[in-house]
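# Structural characterization, general
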Amino acid sequence: MDRSTDDGIVCYLHNLSPIKTSQNKNQYFVLDFQTNSTVYRTVCFFPEKHAALKRKFECSSPVKVNKYNLKKNDKTREEELIWNKRTKIEEPQESEMEFDLQPIKAETVEAKDSSAEEILGEQIKTLRQLNESELNAIMPKIMQWTKEHDDLLVKEVLALDPYSSPKGSTERSNVWDSIAGHLNACSYVKFAVSGRSVKDRLQLVLIRNYKRKMSEEIRASGIEVDGLSDFETAMEEIAEKFDASEKDAANQSEDKKDKSEKEKKQAEETRNQALERIGETKKEKS
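Here's a quick rundown of the structure.

## Points about the packing of helix α5 (residues 147-160) against helix α7 (residues 195-221)
One can describe the packing of α5 onto α7 by two numbers: an axis separation of 11 Å at closest approach and a directional angle of 105°. Taken as axis vectors, α5 and α7 run roughly perpendicular relative to one another. Judged by residue contacts, Asp150, Leu153, Val154 and Val157 of α5 engage Val198, Arg201, Leu202 and Leu206 from α7. A breakdown of the residues in the contact of α5 with α7 according to their chemical character gives six nonpolar, no polar and two charged.

## Here we look at the layout of surface pockets
Looking at the second largest pocket, its volume works out to about 510 Å³. Lining the second largest pocket are 19 residues, and of these Asp100, Asp150, Leu206, Asn209 and Phe231 sit closest to its centre. If you tally residues by element for the lining of the second largest pocket, the top one is α7, at nine residues. Grouping the constituent residues of the lining of the second largest pocket by class yields nine nonpolar, two polar and eight charged.

## Quick word on empty space enclosed by the protein
Applying the stated criterion across every chain yields a total of three cavities of 30 Å³ or more. In this structure, the largest cavity occupies an estimated 50 Å³ of space. Considering the residues around the largest cavity, the lining is formed by Tyr12, Pro62, Glu94, Met97, Leu204, Val205, Arg208, Asn209 and Arg212. Here the element with the most residues in the lining of the largest cavity is α7; it accounts for five residues. Residues that form the lining of the largest cavity fall into these classes: five nonpolar, one polar and three charged.

Conventions and cut-offs
Residues numbered from 1 in each chain as written. Predicted model: local features only at pLDDT ≥ 70, side-chain atom pairs only at ≥ 80, totals over all residues. Heavy atoms only, no water. Axes fitted to C-alpha atoms, helices over the stretch in contact; angles between N-to-C directions. Helix = DSSP H or I, 4+ residues; strand = E, 2+ residues; numbered from the N terminus. Parallel < 35°, antiparallel > 145°, perpendicular 65-115°, else oblique. Contact = heavy atoms within 4.5 Å. Nonpolar A, V, L, I, M, F, W, Y, C, P; charged D, E, K, R; others polar. 1 Å grid on protein atoms, 1.4 Å probe; cavity = no way out; pocket = protein on both sides within 12 Å on 5 of 7 lines; lining within 4 Å. Points joined across faces, edges and corners; volume = space filled by probe spheres on them.

Now the structure itself:
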């Protein structure tokens, strides 16, 4: 039995499949949602949501999911998360991120959501007959971030400094693309990233996690944190540059808003003055 809920849950994504098509032409994909207390097997029959989830999955970034259904699997007796037309993906607030990404077991095709199995029928049965190498060949080649990946990303960010260029500028976008290009060219650690995915990984995961950790340690000790690791020292510098860039962008936005309001006010005053002059001219003629 389905149970609908409007309560949002914050989670990390695991085992995101490509978009598949069933024999009766239904498109779907499956994935796992890791919350702070459990892992939900999930099936989504809305392929237009796949691209946004893939971006989050590629950078191991958390998401907040709202307006979904929970359904108990008759075979496993576990609750599964089912997407509907009202289901939405949002950015979680800093205060909602109280847990980290944790490794979970990669699911085999046989273990995938039984809700999808009801629709997919013979296609699932065919996939179950494939061996591991055949399954790997059809699964998406999506990189999993490790500490080595993060270390190299941070070094590239420090070297190329994307935050020295204005937010939203072509120059900054080009820097992110250059960072991704350098990482993809690395021979001893394999990368498969884009400018967008490295930016999301840094800003939505690494900077957030660093700030949360520092805040927790300061609250626990009551003093500034000493003895930072090399990685944390690098993240401290990057986080400061990121915050300064965000502040500059906010100030510029406010300046533009003030300028726009001033110009609008001046235009209104000019219009009123013109109308007054026209009125006076008509009175003189009459």
